[in-house]
Amino acid sequence: MAKKVASKDVTLEQILFNCRNALRGAGGTEKNRDAVIGLVFIKFASDKFEKRRQEIIDEKGNIPVFLENKHFYTAENVFYLEEHCRWSFLVQESSSNDIAIKIDTAMATIEKDNPSLEGALLSNFYAGLGAEIRTLKNLIDEINKIDQNKFHEEDLIGRVYEYFMQSYAVMSTKEEGEFYTPPSAVKLIAELIEPYSGRVYDPACGSGGMFVQSMKFIEQHHGNKKNISIIGQEKNPDTRRLAKMNLAIRGISYNLGNKPYGESSSFTDDQHKDMKVDYVMANPPFNLKDWRGEHELEKDPRWQGYKTPPVSNANYAWILHILSKLDITDGIAGFLLANGALNADGVEYEIRKQLIENDKVEAIIVLPRDMFYTTDISVTLWILNNNKKGDLKNGHQYRNRQHEILFCDLRRW
C-alpha cells in the first residue's frame, strides 16, 4: 500500500505565525508589531501598484511616460511607488548589508510621494530596530508568501491586519484602561446602530477597527461606501499611525485631525470642534484618571445641561463628549464602558440621572466576560439615541420607544 504523501502547502495562519515569530528577541512587542505591519503595508501597497501598472500596460502599452505618471495610480486610489519602494526591490535586496536603511528610505519616499499618508509610515525605524540582516531577510521572505493569487480571501488585507493586531494585543500589557477591541464587539456595535450613510466618528479610534467594521457593515448590506465619512481622533501618535496605515491600505479615506505627529486628546485638544455626526462608534479608555486639570474645562460647552465630569474618572466625560457630537435630531451612538459606570455615585450619578430624564439612553447591554484579550473586565455596551420616536429608518419601521430603556444582561452568555 502506497504511503500517503503529506501536503506541503503552508496555510495562511502558519505564514502569519512565522512573520510574528521572525523578530522574536529583536525588540519589544510594540516595536515588533510596527516592524511587521510596516512591511506588510509595503507588500499590499506594491500588490495594488503592480496590478494597476499591468492595467496601464494593457490599456496604453509599455510606455514609461504613462507607467511613471502618478495620476494614473492615485486616480484609482492606488499609492504611487518609485522603483526602490516596491516590494520586488526589497525582496531582491533583502540580503544586503544595508537592507534596514533601504526599508527606511522606501517608507520615507512613499510618504513623500503620497501626501495622504502624512504621519502614517514609520520614520527611520528599521535601522534603529537592532535586528540582524538575516532576521529582516527571514521576515521579508515570510511576508512575501502572503500571496493574493494563492490565498483567495475576499478581504485578505483585513484578515492579515486583524491577525497581527490581535496577536500582538495578547502579548502586550495596556495601561490607562486601553485595550484592543475584539472584532466581535465592534461588529455588534455596527449591527445595532446600522451606519448606512453619513458621518461616523470615534473620539478614541485606536488602530481604526471601528471604522473598518462600519465599512464591512456597508458592504455586507450592499450599501455604498462612498456615502460614509470617517472622522476620528487618537491621542497616542504611534497608534494613530497604525490607524492611518490600516485605513489607507484598505482604500478608506479619513479625517483624523490636523496633528499627524504629536499627542492630541479629544478632551483638551478636540480636533473636530463644533462638528455634528450621524453615528459614533467607540471604545474609549476605561476609568481614565486626571484627564483634565483640576479647574480645566469646567465651563466646557460639551457638558451644557449636565454637571462637569470629575477629574478622577473620565467615563462620563466620554459619554457627554460623544453626546455633544451627535446630530441633535437623528444621531445615534454605540460605545463600550466599564461596568462601574452604571453605579458610580456623586456627580456621575447626577449626570446619569439627567441622561435618563433627557431620554438619551436607548439600551444598556452588559456583555459576556473575557471578551478582551488582555483583561477579564466586565464591559457594558451603551446605545445613545437622539431619536427614539417611531419612524421608518434604514428599511425598518420602528415603534415609539420614548422614555423606555432596553436592558440586557449577557454576562453568562
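Residues numbered from 1 in each chain as written. Predicted model: local features only at pLDDT ≥ 70, side-chain atom pairs only at ≥ 80, totals over all residues. Heavy atoms only, no water.

Tallying secondary structure elements over the chain gives 13 helices and nine strands in all. For the chain, the C-alpha radius of gyration of 23 Å lies close to 22 Å, the compact-globule estimate for 413 residues. C-alpha atoms of the chain, sized along the principal axes, occupy 65 × 60 × 45 Å. Taken over 413 residues, the chain has a buried fraction of 52%. Total accessible area on the chain stands at roughly 20,200 Å², and carbon and sulfur atoms take up 48% of it. Here the chain contributes 53 positive and 59 negative side-chain charges, whose respective centroids are spaced 2 Å apart. (Helix = DSSP H or I, 4+ residues; strand = E, 2+ residues; numbered from the N terminus. Rg over C-alpha atoms; globule rule 2.2 N^0.38 Å. Buried < 20%, exposed > 50% of the residue type's maximum accessible area, 1.4 Å probe, protein only. Areas by Shrake-Rupley, 256 points an atom, 1.4 Å probe, with all protein chains shown as cover. Lys, Arg positive; Asp, Glu negative; His and termini not counted. Charge placed at Lys NZ, Arg CZ, Asp CG, Glu CD.)

It is worth spelling out the pairing of strand β2 (residues 228-232) at this point. Burial analysis of β2 places four of its five residues in the buried class, the great majority of the element. One ladder, built from five bridges, connects strand β1 (residues 198-202) with β2; its direction is parallel. Bridging across to β2, G198 finds its partner in I228. Viewed along the sheet, the connection from β1 through helix α10 (residues 209-220) into β2 turns out right-handed. (Pairing = 2+ DSSP bridges. Right-handed = clockwise from strand over helix to strand, strands pointing away.)

Our next topic: the packing of aromatic side chains. Tallying each qualifying case throughout the model produces 13 aromatic pairs. A centroid spacing of 6.0 Å and a plane angle of 40 degrees characterise the contact between F41 and F79, whose relative ring orientation is tilted. Here F41 is found in helix α2 (residues 29-60), whereas its partner F79 is found in the loop between α4 (71-74) and α5 (87-92), with 38 residues between them in sequence. A relative accessible area of 0% means that F41 is categorised as buried. With a relative accessible area of 14%, F79 lands in the buried category. Their ring planes at 90 degrees and their centres at 6.3 Å tell us that Y316 and W382 sit as a pair that is edge-to-face. Taken together, the residues span a long stretch of sequence, with Y316 in helix α12 (residues 315-325) and W382 in strand β6 (residues 379-385) at a distance of 66 residues. In this structure, Y316 and W382 share a single accessibility class: buried. Through successive ring pairs, a cluster of aromatic residues spans F267, W291, W303 and W318. (Phe/Tyr/Trp six-rings, centres within 6.5 Å; stacked < 30°, edge-to-face > 60°.)

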